[in-house]
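Coordinate analysis (summary)
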Amino acid sequence: MKNRIPLILLACGSFNPITNMHMRLFELARDHLHQTGKYQAVEGIISPVNDKYAKRGLVSAKHRITMTQLALETSDWIRVDPWESEQEKWTETVKVLRHHYNELLTSHHFRKEPGRNNRPIEKATEDSLSSSLAVVPELKLLCGADILKTFQTPNLWKEEHIKEIIEKFGLVCVSRAGNDPRQYMTESELLTRYQHNIHLVKEWIQNEISATNIRRALRKGLSVKYLVPDSVISYIEHHNIYTEESEQKNEGDLLQPLKQHSTIVNPLND
Amino acid sequence: METTDKNEVVLLACGSFNPITNMHLRLFELARDYLHETGKYKVVKGIISPVGDAYEKKGLIAADHRIAMARLATKSSSWLEVDDWESCQNKWLETVKVLRYHQEKLKISNSANNLQDAQIAQQLKLNHYYFFLDVPQLKLLCGADFLESFGVPNLWKLEDITEILVNHGLVCITRAGNNAQKFIYESDTLWSHKNNIHLVDEWITNDISSTKIRRALRRGQSIRYLMPDTVLAYIEKHNLYSEESEDRNAGVVLAPLQKHA
């Protein structure tokens, strides 16, 4: 893994609740990146969305963070980060990326400091070429391939944000077996222009463990064992998190990004 | 759940379990949910019976390891267990014989329980005791491909299929859009016993096949979250799946085909 570009994967989403599929996305992405021979995935970050996102059935971030923590207890490279969920408002994905990149630069700066003081400057620069610590890792957004499709949904994304995400950071998209995300790429000029920064990862086992399906099964009293880690299932049962009631949360509310980016003025509200 | 008026069922799954994956474990969970929702059955136990080494399937590793992995995988389950009787036999056994053995075993353990109940009842001088429970019914749990294997020439004996369907019954997990119904319709044997075939819809597509797992292991790809962590650790510790292990039984005719051909 020498001379490889260190890379950090960030996944944004509801994680309501986290499932084995979410963790698989990280494993698949890491394998793929390692096989390119160019990258070394050093860390995975899961950033559950803020409660203000106002998605139907979204339970409190406190629970979603704890469940994610439980699910990641056995992983030695993926962690959960509460920053996004602790903000006053819903934060656009690009701002979450910016935040984590700044954190990265700061921590990197501090880590580098002592080494620089201990030895002559020339040697430090020479070392920095081979030491992965000296290279600031790249931060990429990890997502399912359906995110490419959502880029086309009106008012969900700001054009300049899409551009910043794929130009400055980059995407690692895991696609379902049988789906071809290339189609969304060719349909968009922007995506085509930055396709070198979009890594497409093929899933070799069909995986449809959506959180929506999990919540539906839980409401019906059906088993979700082996789809969600045991520790998460016990937590859900203990706190009785997913019910008919919890599913009604934010019902009828407009998703925060749609509220924020929409420029259409409803004449009836005037 | 009221237990008194429900038929008790034990589910048996036969197969290679080479290695066991979350998919195998999901089959049991789906089947149990389905049978409970009918309101007619109560699933009291699930048994995993890995096939013996004499099955001679390509890439089949030693039963000891497959049993150990299945035991690790079922550790967190309150109702699943692994039985090594089939794999301890000297020769490959037809599935119907494995079913017969387990049904007999259930009868014996049940009558032992009843005897105990009867003795206790006598000691307590009870006139009415309700120990006379039926023996749980043993049903064969399988994936949809199993049904279709009935159509493979020489793999099954017709009288075995009939015995499985008449005496036990099938619980078959199928995928949305599959043609299990059509397959049953097109087979006279299956059609005449269709009341003893339960088709269970899988609501989350799951194709974590052991073949794919072994391939990924050979290629150094991650298989985490597709099987319990304990099984993964066992595979790594014993370095179970390699190019070499995949070549085991290469070119050898499968035991049932040798036997029935």
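Just above, that's the structure.
All of the points below concern the structure found in this document. Being a predicted model, the structure only gives us computed values, none of them experimental.

Here is what the cut-offs are and how they apply
As a convention, each chain's residues are numbered from 1 in the sequence order in which they are written. All chains are assigned letters beginning at A, and all ligands numbers beginning at 1, according to the order in which they are written. Residue-level local features of this predicted model are given only where pLDDT is at least 70; pairs of side-chain atoms are given and counted only at 80 or more, and the full residue set underlies all totals for whole chains, interfaces and linings. In computing side-chain properties, one takes all heavy atoms of the structure into account and sets aside hydrogens as well as water. Pairing between two strands is assigned when DSSP locates at least 2 bridges connecting them. Under the scheme used here, helices are H or I runs from DSSP no shorter than 4 residues and strands are E runs no shorter than 2 residues, and both carry numbers assigned from the N terminus. Fitting a line to C-alpha atoms yields each axis, with helices limited to the stretch in contact; the angle taken between N-to-C directions then spans 0 to 180 degrees. Throughout, a residue-residue contact means that at least one pair of heavy atoms, one from each residue, lies within 4.5 Å. Working definition: with a 1.4 Å probe on protein chains only, accessible area under 20% of the residue-type maximum means buried, over 50% means exposed, and in between means partly exposed. For salt bridges, the criterion is a side-chain nitrogen of Lys or Arg within 4 Å of an Asp or Glu carboxyl oxygen. Here a polar contact means two N or O atoms within 3.5 Å. Within protein one must be a hydrogen donor candidate and the other an acceptor candidate, and residues neighboring in sequence count only if both atoms are side-chain atoms. Summed over both partners, buried area is the accessible surface (1.4 Å probe) that two parts give up on being assembled. By convention, a stacked pair of Phe, Tyr or Trp rings (six-membered ring in the case of Trp) has centres within 6.5 Å and planes under 30 degrees apart, an edge-to-face pair has planes over 60 apart, and any other such pair is tilted. Here, a charge over a ring is recorded when the distance from Lys NZ or Arg CZ to the ring centre is within 6 Å and its angle to the ring normal is within 35 degrees.

**Remarks on the sheet that holds strand β1 (residues 7-15) of chain B**
Residue and element names in this part refer to chain B.
- Read across the sheet, six strands follow the order β3-β2-β1-β4-β5-β6 without closing on themselves; strand pairing throughout is parallel. Looking at which strands have only one partner, the edges of the open sheet turn out to be β3 (80-82) and β6 (197-202). Going across the sheet, the axis of each strand differs from the next one's by a mean of 30 degrees, ignoring polarity.
- Bridge count between strand β2 (residues 41-50) and β3: three bridges; the pairing is parallel. Paired with Gly46 across the strands is Leu80, a residue of β3.
- Seen against the sheet, helix α6 (residues 158-168) touches β4 (137-143), β5 (170-175) and β6 and runs at an angle of roughly 125 degrees to β4.

**Considerations on helix α7 (residues 159-169) of chain A**
- Within α7 of chain A, the full set of buried residues consists of His161, Ile162, Glu164, Ile165, Ile166 and Phe169 of chain A.
- Immediately downstream of α7 of chain A, the backbone of Gly170 of chain A shows phi near 115 degrees, a positive value.

**Observations concerning the pattern of salt bridges**
Residues and elements named next belong to chain B.
- Inspection of every chain in the model, using the stated rule, returns 25 salt bridges over all chains.
- Ionic pairing is found between Lys182 and Glu186, a salt bridge with its closest N-O pair at 3.3 Å. Here Glu186 and Lys182 lie together in helix α7 (residues 180-186), a separation of four residues that amounts to about one turn.
- On the basis of relative accessible area, Lys182 is assigned to the partly exposed category, the value being 49%.
- A network of salt bridges, in which partner residues are shared, links Glu94, Lys97, Lys157 and Lys259.

**Description of the side chain of Arg215 of chain A**
All names here are of chain A.
- With respect to the helices, strands and loops of the structure, Arg215 is situated in helix α10 (residues 211-219).
- Polar side-chain contacts of Arg215 include one of 3.0 Å to the side chain of Glu247.
- With near-sequence residues (within four places) excluded, Arg215 lies in contact with Asn16, Pro17, Arg56, Gly57, Tyr242 and Glu247.

**So, the interface of chain A and chain B**
- Contact residues are listed per partner, giving 25 residues for chain A and 25 residues for chain B.
- Carbon and sulfur atoms make up 53% of the area that chain A and chain B hide from each other, which totals about 2500 Å².
- The largest contributions to the chain A side of the interface with chain B come from Trp204, Ile205 and Tyr226 of chain A, which together make up 29% of the buried area.
- At the junction of chain A with chain B, the criterion picks out zero salt bridges.
- On the surface where chain A and chain B come into contact, there are 13 residue pairs in polar contact (both at pLDDT 80 or more).
- Those elements giving two or more residues to the side of chain A that touches chain B turn out to be α1 (20-35) and α10 of chain A.
- Top contributing element to the side of chain A that touches chain B by residue count: α1 of chain A, with six residues.

**Some details on the pairing of β5 of chain B**
Residues and elements named next belong to chain B.
- Across the six residues of β5, five count as buried, placing the element largely inside the fold.
- Pairing geometry for β5 and β6, over six bridges, is parallel. Counted as the bridge partner of Ile173 is Val200 from β6.

**Notes on the packing of aromatic side chains**
- A complete count under the given rule lists 11 aromatic pairs over all chains for this structure.
- When the centroid spacing of 5.9 Å and the interplanar angle of 80 degrees are considered together, the rings of Phe26 of chain A and Trp77 of chain A count as edge-to-face. Here Trp77 of chain A lies in the loop between α2 (61-71) and β3 (78-80) and Phe26 of chain A lies in helix α1, a separation of 51 residues in the sequence. Like Phe26 of chain A, the residue Trp77 of chain A is buried in the burial classification.
- In textbook terms, an aromatic cluster arises when at least three aromatic residues are bridged by ring pairs, as seen for Phe146, Phe150 and Trp156 of chain B.
- Just above the ring of Trp191 of chain B sits the side chain of Lys194 of chain B; from NZ or CZ to the centre is 4.0 Å.

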